[in-house]
Amino acid sequence: MTDSWHLIDIYPNGQRRCPGMRITRTFALTAAHQLTKKTVAGDRVKARLAPDGKKIDAVVTRRHLTSDLALLKLELQDEYGSLVGVCFDDAQDEESWRTTFEDPATHMPLTGTVDASSILYGKSQDNLEVKAARLACDVSPPGQSAYAGSPVERSSRYPLPVTLGLLVKQSELPAADQEKLFAITIREVIRLLGFLGLESEVMPEGEWPDPSLDHPFRVVEFERQSHVKQVWHNRLPKN
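These figures come from a predicted structure and were not determined experimentally.

Moving on, we come to the pairing of strand β1 (residues 7–11). Within β1, five of the five residues are buried, which leaves the element mostly enclosed by the surrounding structure. Burial along β1 is two-sided: L7, D9 and Y11 and I8 and I10, pointing in opposite directions, are all buried.

What follows covers the environment of L76. Structurally, L76 can be placed in the loop between β6 (69–74) and β7 (87–88). With relative accessibility at 12%, the residue L76 sits in the buried group. Each C-alpha atom, one on L76 and one on I56, is 7.7 Å from the other, the two residues being 20 residues apart in sequence. Ignoring sequence-local partners within four residues, the contact set of L76 consists of R22, R25, L49, K54 and I56.

To continue, consider the side chain of K180. In this structure, K180 sits in the loop between β12 (162–168) and β13 (181–185). What makes K180 buried here is its relative accessible area of 17%. Within polar-contact distance, the side chain of K180 engages the side chain of D177 at 3.1 Å. When near neighbours in sequence (up to four residues on either side) are disregarded, K180 contacts D115, R134, L135, A136 and Q170.

Helical geometry: 3.6 residues make up each α-helical turn, so side chains three or four residues apart lie on a common side. Counting buried residues in helix α1 (residues 186–193) gives six out of eight residues, a clear majority hidden from the surface. For α1, the set of buried residues is I186, E188, V189, I190, L192 and L193.

Per the stated rule, a full pass over the model turns up 14 salt bridges. A salt bridge links R48 to D9, with the shortest nitrogen-to-oxygen separation between them at 2.8 Å. Here R48, found in strand β4 (residues 44–49), pairs with D9, found in strand β1; they are 39 residues apart in sequence, far enough to count as distant. Residue D9 is classed as buried on the basis of its relative accessible area of 4%. For the salt bridge of E75 with R44, the shortest nitrogen-to-oxygen distance reads 2.5 Å. You can see E75 sitting in the loop between β6 and β7 and its partner R44 sitting in strand β4, a full 31 residues away along the chain. Assessed through its relative accessible area of 35%, E75 is described here as partly exposed. Each of D89, E95 and R154 takes part in salt bridges that share partners, so that together they form one network.

Before going further, it helps to spend a moment on the sheet that holds β6. Within a beta sheet, neighbouring strands are joined by backbone hydrogen bonds and run either parallel or antiparallel to one another. The sheet built from six strands closes into a barrel, its strands ordered β1-β2-β3-β6-β5-β4 with antiparallel pairing. Going from strand to strand, the sheet's axes swing by 40° on average, the running direction of each strand aside. As judged from the five bridges shared by strand β3 (residues 27–31) and β6, these two strands associate in the antiparallel manner. Among the inter-strand pairings, A28 is bridged to a residue of β6, identified as L72. On the sheet, α1 packs against β2 (18–22), β3, β5 (55–64) and β6 and is oriented at approximately 80° with respect to β6.

Scanning the model with the defined rule gives three aromatic pairs in all. Geometrically, the ring pair formed by F88 and F217 is tilted, given 6.0 Å between the ring centres and 40° between the ring planes. Residue F88 is found in strand β7, and its partner F217 is found in strand β15 (residues 217–221); the two are separated by 129 residues along the sequence. As far as burial versus exposure is concerned, F88 and F217 are alike and both buried. Between F101 and Y147 the ring centres are 5.7 Å apart and the planes differ by 80°, which places this aromatic pair in the edge-to-face class. Taken as a pair, F101 in the loop between β8 (96–99) and β9 (111–123) and Y147 in the loop between β10 (129–137) and β11 (151–154) lie far apart in primary sequence, 46 residues in all. Taken individually, F101 and Y147 each receive the classification buried, so the pair is uniform in this respect. If you follow K55 out to its NZ or CZ, it ends over the ring of Y11, 4.5 Å from the centre.

Definitions and cut-offs
- Residues numbered from 1 in each chain as written.
- Predicted model: local features only at pLDDT ≥ 70, side-chain atom pairs only at ≥ 80, totals over all residues.
- Heavy atoms only, no water.
- Buried < 20%, exposed > 50% of the residue type's maximum accessible area, 1.4 Å probe, protein only.
- Helix = DSSP H or I, 4+ residues; strand = E, 2+ residues; numbered from the N terminus.
- Contact = heavy atoms within 4.5 Å.
- Polar contact = N/O pair within 3.5 Å; in protein donor to acceptor, adjacent residues only side chain to side chain.
- Salt bridge = Lys/Arg side-chain N within 4 Å of Asp/Glu carboxyl O.
- Pairing = 2+ DSSP bridges.
- Axes fitted to C-alpha atoms, helices over the stretch in contact; angles between N-to-C directions.
- Phe/Tyr/Trp six-rings, centres within 6.5 Å; stacked < 30°, edge-to-face > 60°.
- Lys NZ or Arg CZ within 6 Å of the ring centre and 35° of its normal.

Structure (structure tokens):
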């Protein structure tokens, strides 16, 4: 088990393992296609946390197929707020990236460079556009199926991992480059799923893992008032 606090292992059917990413203490993400086809909001899956390997239940809160995102609520007691041991930042064109998850067979991550920091990834039936970072991979063909759901982080070594997004499946748009990989950025996650109680918060400058970073931030949970929830419900994108 990795010592990266934000990387988790998910067992959608009790056996098959896929990676996921904690974005707060109690919320996590994975690639929606990694869950079984019958999995719907409200279903439970098993999750294993780093760094101690503790196994817990997680509830599927939202499965957003256009973005290939699944949001999970970890069933933890007395654990709320932002996640320690990681920060988030915006992807930059041509910078180097790596997956936090390493293939158990090779003990190697995927690596490459950011080909485009924000492009059209998908479009829902009601024309909601989903953006993603397009990633060039050092291995061709990339063979990313085992890595989908992994955090994508900046390759430069910092005291804390600097996470840019979540690796998802190939874009289904006709013009998509099938030699490239795609990661939904954390800011796009908040734009799509923030109505469930998530927002970004700029890290105090004294807590930055490196002064060279531009705008490092955390993801925090907020209390949802009923009228706010209703407003967001009315704007809920259709898959």
